[in-house]
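The chain contents come next:
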Amino acid sequence: MSDKLYTVGTIVNTHGLRGELKIVPHTDFPEQRYADGSKLIIEDAKGKHIPVTVKTSRLHKNMYIVQFKEFANINEVEPLKGSLLKVEERYLDDLEDDEYYYHEIIGCRVITEEGEELGLIQEILTPGANHVWVVGRPNKKQLLLPVIDDVVLDVDVKEKVVTVHLLEGLLDL
């Protein structure tokens, strides 16, 4: 497999007896990733890759219930719990100018508009209206950055640098 793989979900449990799986999405575009006919790869705990195709999917309590064409009952999918779901790079769509994939943002350096280095983006939270980027800071509390125009001034994915404007109260030292 020459294509680069990107994680788009974690299989957390089985659902029912017909081989459906509960998946926690790790993608900005779950409705696209888990659409009927989508081609994904299951990476099990041993690193083995199993190509799969989405047969059906539905959103249920912030998780996706997905059935793959390759599996028809609970006994076939039981060993997949804890596996990662990945997508090949060739299936990633081009995004609008101000949209980014998770893998492009995680690991970016965060600097203020004055040039002060704040830390690295470690994870992305999706609590509600807007995403929140979690910035790990050496020897300090994590910084939670709301992804809104007033805060995020520039994102340079090639250089892995995000420039931000810190609103009052955002940085509790």
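Residues numbered from 1 in each chain as written. Predicted model: local features only at pLDDT ≥ 70, side-chain atom pairs only at ≥ 80, totals over all residues. Heavy atoms only, no water.

1. Structural notes on the layout of surface pockets
This is how the line gets drawn: Whether a set of points on the 1 Å grid over the protein atoms alone is a cavity depends on a 1.4 Å probe fitting there but being unable to get out, while an open set qualifies as a pocket with protein on both sides within 12 Å along at least five of seven lines; lining residues are those with an atom within 4 Å of a point. Grid points are joined across faces, edges and corners, and a volume is the space filled by probe spheres set on the points. Helix and strand labels come from DSSP, where a helix needs a run of H or I of at least four residues and a strand needs a run of E of at least two; each type is numbered from the N terminus. Each residue is assigned to one class: nonpolar for Ala, Val, Leu, Ile, Met, Phe, Trp, Tyr, Cys and Pro, charged for Asp, Glu, Lys and Arg, and polar for all the others, Gly among them.
In this model, the largest pocket occupies a volume close to 640 Å³. In terms of lining, the largest pocket is formed by 25 residues, of which the most central are P25, H26, T27, Y102 and T126. Secondary-structure elements contributing two or more residues to the lining of the largest pocket are strand 1 (5-15), strand 2 (20-25), helix 1 (30-33), helix 3 (102-105) and strand 8 (117-125). Class assignment of the residues belonging to the lining of the largest pocket gives a composition of 14 nonpolar, eight polar and three charged.

2. A short note on the sheet that holds strand 5 (residues 63-68)
Rules: Pairs of strands are assigned from DSSP output, requiring at least two bridges between the strands. Here an angle of 0 to 180 degrees is reported between the N-to-C directions of two axes, which are lines fitted to C-alpha atoms, with helices fitted over the stretch in contact.
Read around the closed barrel, the six strands follow the order 1-2-5-4-3-6; overall the barrel is antiparallel. Along the sheet, successive strands turn relative to each other by an average axial angle of 50°, direction set aside. In the sheet, strand 1 pairs with strand 2 via six bridges, with the strands oriented antiparallel. Counterpart to T14 in the pairing with strand 2 is L21.

3. Focus: the pairing of strand 5
Along any regular strand, the residues point their side chains to alternate faces of the sheet. This is how the line gets drawn: Think of it in three bands: with a 1.4 Å probe and only protein chains considered, a residue is buried below 20% of the maximum accessible area for its type, exposed above 50%, and partly exposed in between.
Extensive coverage of strand 5 is indicated by the burial of five of its six residues. Note that strand 2 and strand 5 share three bridges and pair antiparallel. Bridging across to strand 5, I23 finds its partner in Y64. For strand 4 (residues 49-60) and strand 5, the ladder comprises six bridges, and the chain directions are antiparallel. Within the sheet, the bridge partner assigned to S57 lies in strand 5 and is V66.

4. Here's the deal with the sheet that holds strand 7 (residues 109-112)
One open sheet accounts for six strands, arranged 10-9-8-7-12-11; its pairing is mixed. Both edges of this open sheet fall to strand 10 (143-146) and strand 11 (152-156), since each of them pairs with a single strand only. Across this sheet, the average inter-strand angle for adjacent strands is 35°, counted without regard to direction. Where strand 9 (residues 132-136) meets strand 10, four bridges bridge the pair, whose relative direction is antiparallel. Bridged to V132 within strand 10 is P146.

5. Some words on the side chain of T53
The condition that has to hold: We call two residues in contact whenever any of their non-hydrogen atoms come within 4.5 Å of each other.
Position of T53 among the secondary structure elements: in strand 4. Once residues within four sequence positions are removed from consideration, T53 is found in contact with G37, S38, K39, Q67, F68, K69 and E70.

6. Side note on the pairing of strand 1
In the sheet, strand 1 pairs with strand 6 (residues 84-88) via five bridges, with the strands oriented antiparallel. Bridge pairing in strand 6 links T7 to K86. In sequence, strand 1 turns back onto strand 2 through a hairpin of four residues, with G16 there showing a positive phi of about 70°.

7. As for unusual backbone geometry
At K61, a residue that is not glycine, the phi angle is positive and equals roughly 50°. Among the secondary structure elements, K61 is positioned in the loop between strand 4 and strand 5. The backbone of K160 shows a phi angle near 60°, a positive value even though the residue is not glycine. As for its placement among the helices and strands, K160 is situated in the loop between strand 11 and strand 12 (161-164).

8. Examining the pattern of salt bridges
Stated formally: Here a salt bridge means any side-chain nitrogen of Lys or Arg lying within 4 Å of a carboxyl oxygen belonging to Asp or Glu.
For the structure on display, the rule yields five salt bridges. Between E78 and K81 there is a salt bridge; the shortest N-O distance is 2.8 Å. The partly exposed category is assigned to K81, whose relative accessible area is 37%. Residues joined by salt bridges that share partners form a network here, namely R18, E20 and R58.

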